Amino acid sequence: MKITMDKNVVDFSPETAEETACMEILWRKIIDCAGDSKTLAPIGEYIPTKKNQLSFVIEGGSAKTVFSDQAAVVDTTYTCAICNKYMNVKAGDSVPLCCGKLMECID
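Anyway, here's the lowdown on the structure attached to this text. (Residues numbered from 1 in each chain as written. Predicted model: local features only at pLDDT ≥ 70, side-chain atom pairs only at ≥ 80, totals over all residues. Heavy atoms only, no water.)

Taken as a whole and judged by the stated rule, the model has two salt bridges. Here Glu 24 makes a salt bridge to Arg 28, at a shortest N to O gap of 2.9 Å. One end of the pair is Glu 24 and the other is Arg 28, both in helix H1 (residues 17–30) and four residues apart, which spans about a single turn. The exposure class assigned to Arg 28 is partly exposed, which follows from its relative accessible area of 33%. With a shortest N-O distance of 2.7 Å, Lys 50 and Glu 45 are connected by a salt bridge. (Salt bridge = Lys/Arg side-chain N within 4 Å of Asp/Glu carboxyl O. Helix = DSSP H or I, 4+ residues; strand = E, 2+ residues; numbered from the N terminus. Buried < 20%, exposed > 50% of the residue type's maximum accessible area, 1.4 Å probe, protein only.)

Structure, rendered in structure tokens:
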């Protein structure tokens, strides 16, 4: 992973297919197309001689969820195929919408 900085802008450039896949997952977790996007907040410390790793926690975002007129038939879990968000839904409750379409049942 190549990391470059220009003043307050940090660019991450993956150098392998695995890094590209991980960056795509991270992007989907941070960006919420139906609400507020999240942020990365540093946790712990960064001392390269002790442990050469940075750690962040994903914070924030909107807790607001949009629901459809379609009802779930059974208690199940739904997921968004686009951003990978998960939601447990009880039978009779509305199926959630995410990224502009119905979430998919995974059970």
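Right, let's get into the nonpolar core. Of all hydrophobic cores here, the largest spans ten residues; its members are Ala 72, Tyr 78, Cys 80, Cys 83, Met 87, Val 89, Val 95, Cys 98, Cys 99 and Met 103. Taken together, the elements giving at least two residues each to this core come down to strand S7 (86–89) and strand S8 (94–98). Setting aside its immediate chain neighbours within four residues, Val 95 contacts Phe 67, Ser 68, Gln 70, Ala 71, Ala 72, Tyr 78, Leu 102 and Met 103. (Core = buried A, V, L, I, M, F, W, Y, C linked by side-chain atoms within 4.5 Å. Contact = heavy atoms within 4.5 Å.)

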